[in-house]
Amino acid sequence: MFPLDVREGDEFSLDLQHAQRLRQSAERVRAQLNPRFQILHERAGTFRISNVIGTIDLGGGALIHVSPKVPTSTDWVAAATWLLTGSEDIEVAGQRRAGTSSLHRNLLEALARIYLTRLQRAYRQDGPIVLMERVSRTLPYLHGKLDVTRWARAAAWRPHMFPVSRTELAQDNPYTRGLMHVADRLAHISADPTVRNGLHTVSRDLSAGLPLSSRPVAPSTLLALPEQWKAYEPAWSLAKAILTRTSLFGASGSLTGVGLAIEAWPLLETLLAKTLADFQKVERASGHTYTYRMQGSVPLLTPTGGAPQRSFSPEPDGRLFRDGQLLATFEAKYARFDGSVPSREHIYQCLSTAAACGSSTAVLVYPDKFLPMSWNVSGFQSHPSRLIAIGLDMFNWPPPSGAASRAAQVMAALSGGVASSVQLVAA
């Protein structure tokens, strides 16, 4: 029965023992990830996992591998990992866009291998991350810059104690602590002994013999790497993604824990950001200046009375500008598109947000693969006057025809080159 491969959103059955373990794991996911949507659904003895993809460890070697609910390529893990890192276009488990390698069907193992490769490469190049910090000490000997004022105040009864400030090696810094934490957790849940031993070894080497704090790594401490440690940027990028968006590791030694699960909908927003960034680059030769903005609230409802009335400001997932003028607003919807018309909720949210922004074009972005579709909109005084649905083929790897293909798809849709155009009346 195990490992059990399921598709996100599809129903499956478990025996009583594993069913209870799945409920416990889902509760840990909820507590750690604080997801926007419900993860586990149960009905008449069957279960359905939604809004996460990856590997769930039920303990005792029982693993559930959750694949995306939308059609994917044979190597969807590589596509998901590419979107997870978000900030760089580098190899995914040994595979570059133009290269070939074995398929990666397990997100957990793929991430562990990628992380080990990046961390080993950085350590071989630059050694451990050792930072210098300015500290104050009171010592029985003079070593550092003496604080004469403080020493003189107590010199009559403690002339042998010297308050000094000096530069020391930082024994605990968020970079080393974060890198080691991710290495240890991935090693604990990796089934590959080579990867597991490699991660333990590089984690030990990173510590450089210094005692490190066992405090958990808070996301607020995940700062940009200092310039002198840029060799660690690929590993640090993945570590931050895991710590901030996918921190679902079971505790060390726990019989039942979560392997590695990722909320899928933020990956679609990452893909939208990549697409708009590529659009900006591709259209530089057009004679126009294109810029984009992700998130950011815009006022829609302003109360006319006092409390308990409150204002409401939607946040468009993306906005595209041409020569400083708003061209289109974008809403990313991690859902299946039926190919005929978007759902009522998607339509209303997208159109009302576009109206609040004063945009003439509202765009719905889906993870599926389909030709762009367009509808004329009535009832908003031309702001918006058009609704477009675009499928970005989210889990296809390598990216279709290079990074610029999705940007070209958006350009064609905004220019009117879409599969169909019908009337859509706001009601």
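Residues numbered from 1 in each chain as written. Predicted model: local features only at pLDDT ≥ 70, side-chain atom pairs only at ≥ 80, totals over all residues. Heavy atoms only, no water.

Trainee: Explain the overall build of the protein to me, using residue names and the numbers behind them.
Mentor: Counting its regular elements, the protein contains 10 helices and 17 strands. Expressed as a percentage of the 427 residues in the protein, the buried residues total 49%. In the protein, the proportion of contacts linking residues at least 24 apart, taken out of those at least 6 apart, comes to 69%. Of the accessible surface of the protein, which amounts to about 20500 Å², a share of 52% is contributed by carbon and sulfur atoms. (Helix = DSSP H or I, 4+ residues; strand = E, 2+ residues; numbered from the N terminus. Buried < 20%, exposed > 50% of the residue type's maximum accessible area, 1.4 Å probe, protein only. Contact = heavy atoms within 4.5 Å. Areas by Shrake-Rupley, 256 points an atom, 1.4 Å probe, with all protein chains shown as cover.)

Trainee: Outline the confidence of the model for the protein, supporting the account with residue identities and numerical values.
Mentor: The predicted model of the protein averages 81 in pLDDT, with 81% of residues at 70 or higher. The low-confidence segment residues 88-103, where pLDDT is below 50, has 36 contacts with residues more than four positions distant or belonging to other chains. Note that residues 247-257 has pLDDT below 50 and, in this model, 39 contacts with residues that lie over four places away or in other chains. (pLDDT = per-residue confidence, 0-100.)

Trainee: Residue-level account of the layout of surface pockets, with values.
Mentor: Reported here for the largest pocket is a volume of approximately 360 Å³. Lining the largest pocket are 17 residues; nearest its centre among them are R36, F37, A332, K333 and Y334. For the lining of the largest pocket, the elements supplying multiple residues, two or more each, are α8 (265-282), β13 (325-332) and α9 (344-357). For the lining of the largest pocket, the leading source of residues is α8, giving 3 residues. (1 Å grid on protein atoms, 1.4 Å probe; cavity = no way out; pocket = protein on both sides within 12 Å on 5 of 7 lines; lining within 4 Å. Points joined across faces, edges and corners; volume = space filled by probe spheres on them.)

Trainee: I'd like a rundown of the state of the cysteines, residues and numbers included.
Mentor: As enumerated under the stated definition, the model contains 0 disulfides in all. Just so you know, C350 is unpaired, no disulfide at all, and the nearest cysteine sulfur is the one on C357, 10.0 Å from it. (Disulfide = S-S within 2.5 Å.)

Trainee: Run through the packing of aromatic side chains, naming residues and quoting values.
Mentor: Taken as a whole and assessed by the stated rule, the structure comprises 10 aromatic pairs. Between F12 and F47 the ring centres are 6.2 Å apart and the planes differ by 35 degrees, which places this aromatic pair in the tilted class. Here the residue F12 occupies a position in strand β2 (residues 11-13), and F47 occupies one in strand β4 (residues 46-49), the gap between them amounting to 35 residues. F12 sits in the buried class, given a relative accessible area of 9%. For F47, a relative accessible area of 2% corresponds to the buried category. Here the aromatic residues F337, Y366 and F370 are joined through ring pairs into a cluster of three or more. (Phe/Tyr/Trp six-rings, centres within 6.5 Å; stacked < 30°, edge-to-face > 60°.)

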